Amino acid sequence: MKAVTLNAYGTPEVLEVTEQPMPVPAPHEVIVKVQAVGVNYADLLVRQGIYPFIPQFPAVLPGEVSGIIAQTGTEVQHLQPGQRVTGYAPAGYAAYAAIPAAGLTLLPDRIAPAAGLLTHSLTAQHLLEQTSGYRSVVITAAAGGVGSQAVQLAKIKGVPQIIALTGSEAKQAYVRSLGATHAINYRDTDWLRQLTDIAGPQGVDLILDATGGDTPAQLLSVLAVNGTLIVYGNSSGQPTSINPQELIMKSARIVGSTVYNIPPAQRQEWSGYLVNLIATGQLQAQINSYPFTDAALAHSDMANRRNTGRTVLSFPE
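Comments concerning the overall build of the protein chain
Argument step 1. Scanning the protein chain from terminus to terminus reveals eight helices and 16 strands.
Argument step 2. Relative to the compact-globule value of 20 Å for 317 residues, the protein chain shows a C-alpha radius of gyration of 20 Å, a close match.
Argument step 3. In terms of its C-alpha atoms, the protein chain occupies a principal-axis envelope of roughly 60 × 40 × 35 Å.
Argument step 4. Within the protein chain, the proportion of its 317 residues that are buried is 52%.
Argument step 5. Of all intrachain contacts in the protein chain linking residues separated by at least 6 positions in sequence, the fraction that spans at least 24 positions is 66%.
Argument step 6. Looking at the protein chain as shown, the accessible area adds up to about 14,000 Å², and 53% of this sits on carbon and sulfur atoms.

Considering the packing of aromatic side chains
One pair of aromatic rings is described through two measures. These are the centre distance and the angle between the planes.
Argument step 1. Inspection of every chain in the model, using the stated rule, returns three aromatic pairs.
Argument step 2. Ring centres 5.0 Å apart and planes at 80° place the aromatic pair Tyr9 and Phe57 in the edge-to-face group. Residue Tyr9 is found in the loop between β1 (2-6) and β2 (15-19), and its partner Phe57 is found in the loop between α1 (41-48) and β4 (59-60); the two are separated by 48 residues along the sequence.
Argument step 3. Aromatic pair Tyr88 and Tyr260: ring centres 5.9 Å apart, planes at 70°, arrangement edge-to-face.

Let's talk about the sheet that holds β2
Argument step 1. Strand order in this open sheet of three strands is β2-β1-β4, and the pairing throughout is antiparallel. Because the sheet does not close on itself, it has two edges, and the strands there are β2 and β4.
Argument step 2. Here β1 pairs with β2 via five bridges, running antiparallel. Across the sheet, the residue bridging to Val4 is Val17, located in β2.

Considering the nonpolar core
The nonpolar side chains of a soluble globular protein tend to be buried with one another.
Argument step 1. Val137, Ile139, Ile162, Val175 and Leu208 are the most contacted members of the largest nonpolar core, which has 39 residues in total.
Argument step 2. Of all the secondary-structure elements, those providing two or more residues to this core are α2 (119-128), β9 (136-139), α3 (145-156), β10 (161-166), α4 (169-178), β12 (204-209) and α7 (264-279).
Argument step 3. Non-local contacts of Leu208, meaning those with residues more than four positions away in its chain, are made with Leu127, Leu128, Val137, Val138, Ile139, Thr140, Ala150, Ile230 and Tyr232.
Argument step 4. Counting residues in hydrophobic clusters, the runner-up holds 36 residues, among them Met1, Ala94, Ala101 and Met302.

So, the environment of Ile198
Argument step 1. Considering the arrangement of structural elements, one finds Ile198 in helix α5 (residues 191-199).
Argument step 2. Ile198 sits in the partly exposed class, given a relative accessible area of 22%.
Argument step 3. When the C-alpha positions of Ile198 and Tyr96 are compared, they lie 49 Å apart, and in sequence the two are 102 residues distant.

What to know about unusual backbone geometry
Argument step 1. The linkage connecting Phe57 with the following residue, Pro58, adopts the cis geometry, with an omega of -5°.
Argument step 2. Assignment of secondary structure puts Pro58 in the loop between α1 and β4.
Argument step 3. The residue Ser251 is not glycine, and still its phi comes out positive at about 50°.
Argument step 4. Relative accessible area serves as the criterion here: at 48%, Ser251 is assigned to the partly exposed category.

Points about a nonpolar patch on the surface
Argument step 1. Where nonpolar side chains cluster on the molecular surface, the patch consists of Ile50, Tyr51, Phe53, Tyr88 and Tyr260 and spans about 480 Å² of accessible area.
Argument step 2. Looking at the secondary structure, you find Tyr51 in the loop between α1 and β4.
Argument step 3. For Tyr51, a relative accessible area of 33% puts it in the partly exposed group.

Some details on the pattern of salt bridges
Argument step 1. Scanning the model with the defined rule gives six salt bridges in all.
Argument step 2. The shortest N-O distance in the salt bridge between Lys2 and Glu19 comes to 3.2 Å. Placement of the pair is Lys2 in strand β1 and Glu19 in strand β2, with a sequence separation of 17 residues.
Argument step 3. With relative accessibility at 42%, the residue Lys2 sits in the partly exposed group.

Regarding α2
Argument step 1. Among the 10 residues of α2, 10 are classified as buried, and the element is accordingly described as predominantly covered.
Argument step 2. Every buried residue belonging to α2 is among Thr119, His120, Ser121, Leu122, Thr123, Ala124, Gln125, His126, Leu127 and Leu128, and all of these are buried.
Argument step 3. Considering only its buried residues, α2 is in contact with β5 (63-72), α3, β12, β13 (223-231), α7 and β16 (310-314).

Digging into the environment of Val60
Argument step 1. Mapped onto the elements, Val60 comes out in strand β4.
Argument step 2. Sequence separation between Val60 and Thr18 is 42 residues; the distance between their C-alpha atoms is 9.3 Å.
Argument step 3. For Val60, the contacting residues outside a window of four places in its chain are Ala3, Val4, Thr5, Gln20, Pro90, Ala91, Gly92, Tyr93 and Ala94.

Remarks on the pairing of β12
Argument step 1. Burial analysis of β12 places five of its six residues in the buried class, which makes it a mostly covered element.
Argument step 2. As paired strands, β9 and β12 are joined by three bridges and run parallel to one another. From the neighbouring strand, Val137 faces β12, where its bridge partner is Leu206.
Argument step 3. Judged from the five bridges that link them, β12 and β13 form a sheet pairing that is parallel. Paired with Asp209 across the strands is Val231, a residue of β13.

Reading the values: rules and limits
Every chain's residues receive numbers from 1 upward, in the order its sequence appears when written. Predicted model: local features are reported for residues with pLDDT of at least 70 only, side-chain atom pairs are reported and counted for 80 or more only, and whole-chain, interface and lining totals are derived from all residues. As a rule here, side-chain values come from all non-hydrogen atoms in the structure, and water together with hydrogens is ignored. Numbering of helices and strands runs from the N terminus; a helix is a DSSP stretch of H or I covering at least four residues, while a strand is a stretch of E covering at least two. Atoms counted for the radius of gyration: C-alpha only. Globule rule: 2.2 Å times residue count to the power 0.38. The buried label goes to any residue with under 20% of its type's maximum accessible area, the exposed label to any with over 50%, and the partly exposed label to all in between, with areas taken from a 1.4 Å probe on protein chains only. Contacts are residue-level and defined by heavy atoms, with any inter-residue pair within 4.5 Å sufficient. Per-residue and other accessible areas follow the Shrake-Rupley method at a 1.4 Å probe size, with only the shown protein chains counted as cover for residues. To pair, rings of Phe, Tyr and Trp, with the six-membered ring standing in for Trp, must have centres within 6.5 Å; the planes then decide the type, stacked if under 30 degrees apart, edge-to-face if over 60, and tilted in the middle. Strands qualify as paired when DSSP identifies two bridges or more between them. Nonpolar cores are built from buried Ala, Val, Leu, Ile, Met, Phe, Trp, Tyr and Cys residues. Side-chain atoms within 4.5 Å join them into one set. Note that patches include only residues with greater than 30% relative accessible area and no salt bridge, and the join distances are 9 Å for like charges and 5 Å for nonpolar side chains (Val, Leu, Ile, Met, Phe, Trp, Tyr). Between Lys or Arg on one side and Asp or Glu on the other, a salt bridge is scored when a side-chain nitrogen of the former is within 4 Å of a carboxyl oxygen of the latter.

Below, the structure written as structure tokens:
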């Protein structure tokens, strides 16, 4: 079978399409014929060695996939070949992937393979559920995969003030179309003043930051009393710099978050909820699709913020 492998950590050019043996399911696994692979920012960090998920080289890159069950392990009773599923595969950038059956979510036929990739929407749901009673939210990288889902889910949840930070006028228009009440171009030199004016003296209750670096420290100035700042990414590539002393007078808190720590039962509940939203058209994603042979280009475009919404690798039928 064809797969995207790497022989060393490095730039997108280390990704190579190679011929690999077909996986064999362990007793509690299934083999999925992959139709789509979601390119998540975490994949770039794995490729660079920042997330050391590769036990040895050469290795097929791990990833989130959707596709059709081709084979089930001997202990799998609740799934069968032919069913459409999505889940995370330790070796996901491949035509066929072995996945633990307990980690799979069934997809209805009316959801296209690329739309059935749930990591971004699960991440957004997880972020928005980590506190309650908020009436305003700031979302950085709001036109990206997680950010665009967070904007829509915040609207669905009835959050009155949804402030989106993006990097261009086109992306500002995009996040407004998703439900953002305000959109700010963070490339403007006065973006923080614009945000301060919108937040007003009461500040914002919840901030979701995917950038790291010095951005969270700047955002603290608009965080409300008893507010929450959640750091869930590091697209800047720089250490997150925050002075905890600034939290004292606001009784505010900073939380780190990753989708990988959602308890299995909660993941299944949220996955069902999100699949229903996707199937009914309430939750959508702009798809940037690449053939799997262009994995290096997809990684490069994501790193350089060329895409809006979801980046996906497609495998032939």
